[in-house]
Amino acid sequence: MIIGIPKEIKNNENRVGATPAGVKELVRHGHTVYVQHTAGEGSGFPDSEYEAAGAVILPSIEETYSIAEMIIKVKEPIEPEYALVKPGQLLFTYFHFASDYPLTEAMIKSGATCIAYETVRDRQGTLPLLIPMSEVAGRMSIQEGARFLEKPQGGRGVLLGGVPGVKPAKVLVLGAGVVGRNAALMAAGLGADVTITDISLPTLRHCAETMPKNVKTLYSSQHNIEMELPSTDLVIGSVLIPGAKAPHLITKEMVSLLKPGSVMVDVAIDQGGCFETSHPTTHSEPTFVVDGVIQYAVANIPGAVPYTSTLALTNATLPYALRLADLGWKEACKKDPGLADGVNVTDGKVTFKAVAEAFDLPYTPLEL
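This structure is a prediction, so every number in the text was calculated from the model and none was measured. (Residues numbered from 1 in each chain as written. Predicted model: local features only at pLDDT ≥ 70, side-chain atom pairs only at ≥ 80, totals over all residues. Heavy atoms only, no water.)

Q: Which parts of the structure should I look at to understand the overall build of the chain?
A: For the chain, the count of helices and strands is 14 helices and 15 strands. Over its C-alpha trace the chain gives a radius of gyration of 21 Å, about what one expects of a compact globule, namely 21 Å for 368 residues. Along the longest, intermediate and shortest principal axes, the C-alpha atoms of the chain span 65 × 45 × 35 Å. Evaluated residue by residue, the chain yields a buried proportion of 54% over its 368 residues. Put simply, of all contacts in the chain between residues at least 6 apart along the chain, 63% involve residues at least 24 apart. (Helix = DSSP H or I, 4+ residues; strand = E, 2+ residues; numbered from the N terminus. Rg over C-alpha atoms; globule rule 2.2 N^0.38 Å. Buried < 20%, exposed > 50% of the residue type's maximum accessible area, 1.4 Å probe, protein only. Contact = heavy atoms within 4.5 Å.)

Q: How should the nonpolar core be read in this particular structure?
A: Nonpolar side chains tend to gather and get buried jointly when the protein is soluble and globular. In this structure, V23, I115, V171, V194, L234, I236 and L324 are the most contacted members of the largest nonpolar core, which totals 72 residues. When residues in this core are grouped by element, the largest group, eight residues, is from helix α11 (residues 306–327). Among residues more than four places away in sequence, those in contact with L324 are M1, M70, L90, F92, I115, W329, A332 and L339. Counting 23 residues, the second largest nonpolar core, distinct from the first, contains L103, M107, A354 and V355. (Core = buried A, V, L, I, M, F, W, Y, C linked by side-chain atoms within 4.5 Å.)

Q: I would appreciate a short explanation of the pairing of strand β12 (residues 287–290) in the present structure.
A: Both faces of the sheet carry side chains from a regular strand, because those side chains alternate between them. The alternating pattern of β12 places F288 and V290 on a buried face, while none of T287 and V289, on the opposite face, is buried. Pairing analysis gives four bridges linking β12 to strand β13 (residues 293–296), with the strands arranged antiparallel. Residue pairing across strands places V290 opposite V293, the latter belonging to β13. (Pairing = 2+ DSSP bridges.)

Q: Can you help me understand the environment of T126 in this one?
A: Within the secondary structure, T126 sits in the loop between β6 (113–116) and α6 (131–148). Judged by its relative accessible area of 33%, T126 falls in the partly exposed class. Expressed as a C-alpha distance, the spacing of T126 and G338, which sit 212 residues apart in the sequence, is 9.4 Å. Sequence-distant contacts of T126, defined by excluding residues within four places in its chain, comprise V120, R121 and I131.

Q: Would you take a moment to explain unusual backbone geometry for this structure?
A: Trans peptide bonds make up most of the peptide bonds, and negative phi angles are found at most residues other than glycine. Positive phi, close to 55 degrees, is recorded for N12, a residue that is not glycine. Mapped onto the secondary structure, N12 falls in the loop between β1 (2–5) and α1 (20–28). Its identity is not glycine, yet D360 carries a phi of approximately 55 degrees, on the positive side.

Q: Just to check I follow, could you spell out the pairing of strand β7 (residues 170–174) for this structure?
A: The element β7 is extensively covered by neighbouring structure, given that four of its five residues are classed as buried. Where β7 lies against strand β8 (residues 193–198), five bridges are found, and the strand directions are parallel. Counted as the bridge partner of V171 is V194 from β8. Of the pairings in the sheet, the one linking β7 to strand β10 (residues 234–237) comprises four bridges and is parallel in character. For V173, the partnering residue across the bridge sits in β10 and is I236.

Q: Is there a simple way to think about the sheet that holds strand β4 (residues 70–72) in this case?
A: Hydrogen bonding along the main chain pairs the strands of a sheet, whether they run parallel or antiparallel. The strand order across the open sheet formed by eight strands is β3-β2-β1-β4-β5-β6-β14-β15, and the pairing between neighbours is mixed. Strand pairing shows two members of the sheet lacking a second neighbour, β3 (56–58) and β15 (349–350), which therefore form its edges. Here α1 sits on the sheet in contact with β1, β2 (32–36) and β4, set at roughly 150 degrees to β2. Sheet contacts for α11: β1, β4, β5 (90–93) and β6; angle to β5, the most-contacted strand, approximately 170 degrees. (Axes fitted to C-alpha atoms, helices over the stretch in contact; angles between N-to-C directions.)

Q: Teacher, can you tell me more about the sheet that holds β12 here?
A: Within the open sheet, the seven strands sit side by side as β9-β8-β7-β10-β11-β13-β12. Their pairing is mixed. The open sheet terminates on both sides in strands that have one partner only, identified here as β9 (215–219) and β12. Looking at each pair of strands side by side, their axes are set apart by 20 degrees on average, direction ignored. Sheet strands in contact with α6 are β7, β10, β11 (263–266), β12 and β13, and its direction is about 150 degrees off that of β10. Relative to β8, helix α7 (residues 178–189) is tilted by about 170 degrees, and along the sheet it contacts β7, β8, β9 and β10.

Q: Would you take a moment to explain the packing of α1 against α11 for this structure?
A: Each pair of packed helices can be summarised by the angle the axes make with each other and by the distance between the axes. The geometry of α1 relative to α11 is characterised by a closest axis approach of 10 Å and an angle of 15 degrees between their N-to-C directions. Taken together, α1 and α11 sit at an angle that is classed as roughly parallel. Both α1 and α11 take part in a crossing whose hand is right-handed. Contact residues: G22, E25 and L26 in α1; T314, L318, A321 and L322 in α11. Here the residues of the contact of α1 with α11 sort into four nonpolar, two polar and one charged. (Parallel < 35°, antiparallel > 145°, perpendicular 65-115°, else oblique. Left-handed = near helix turned anticlockwise from the far one by under 90°. Nonpolar A, V, L, I, M, F, W, Y, C, P; charged D, E, K, R; others polar.)

Q: Any chance you could explain the side chain of S220 here in plain terms?
A: Tracing the sequence through the fold places S220 in the loop between β9 and α9 (222–228). With a relative accessible area of 11%, S220 lands in the buried category.

Q: Looking at this model, I keep getting lost on the packing of aromatic side chains. Mind explaining?
A: Any aromatic ring pair is given by two values, namely how distant the centres are and how the planes are angled relative to each other. Summed over the entire model, instances satisfying the criterion amount to six aromatic pairs. Pairing F45 with Y307 gives two aromatic rings, centres 5.8 Å apart and planes at 35 degrees, and the pair type is tilted. Of this pair, F45 sits in the loop between β2 and α2 (47–52) while Y307 sits in helix α11, placing them 262 residues apart in sequence. Look at F95 and F97: their rings are 4.6 Å apart centre to centre, the planes differ by 10 degrees, and that puts the pair in the stacked class. Neither F95 nor F97 differs from the other in exposure class; each is buried. Through a chain of ring-to-ring contacts, the aromatic side chains of F92, Y94 and Y117 assemble into a single cluster. Positioned over the ring face of Y320 is R323, at 4.5 Å from the centre of the ring. (Phe/Tyr/Trp six-rings, centres within 6.5 Å; stacked < 30°, edge-to-face > 60°. Lys NZ or Arg CZ within 6 Å of the ring centre and 35° of its normal.)

In structure tokens, the structure reads:
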């Protein structure tokens, strides 16, 4: 198969779809890999390393899309890329369709097959291609939250872990999935007073048994969240319904319950955000203020640490990319129902129910 790895053009997105080591494996399996010039530089991988791995370097994004049967990316195509996608082309990347109608419409019109990292499942029912970036985003949410609590960044001037004689900051983590657990562990490691919420009692029991002593669990309800907000310094929103739009756990009215200078980090922004006041931001302009509260809603948080993120992502995606390239997407999906769950759009049809429901579009089961 002919595989293309374009350079990401989303704001401050420095990750790349595959490392040179990943390219070497694809070439070893007999596939031809084209990499756009400087695609890996932001992650610390120069063109020379891709050439040494057996890739051919192309000068432009247009040529990379034009020649490739399968495109391997990190983030969803953005508007300048829509016209580059060809009928019958396979795109393997994060899409988060349910929060982006123009992207959904463009990919339907393109006639391409879109396999979304975030809805691929493994035999245990987990999301193996979402987990590594969720781990990064969860840990970074605390790093960024701590930064924006600093006074020069507009925050309350609170040190997350406090010091002897001064109480630590209070951190509220909404959702005890991969993002939430990693955020709670990171905050706890810095010495914060952490509360993690979820609607799953088995999940909360597991957290209570395995988390450090400075992490408390709380059943997630609007009442309980409202009771926590007045004393909270940092809120992490990490709720996920795979492939679907995130629910709003904090309404516009609830934001005013927080103290001025508090910080809210919406890690769910890729799926529409779990704060009603959220809108996507970028690494160059990461925050905005609502009722005196700083809101951080960067849609590609792991892009700030691209070396770590690209290595972690390729570790997870490469086995699937090899199967898709070796067998073709249809045969690969027949052999692996979890990979078939990743097919969100193909041949002009929406094949993932949550995406169809998000925009009231016709749904066509993949097997049809």
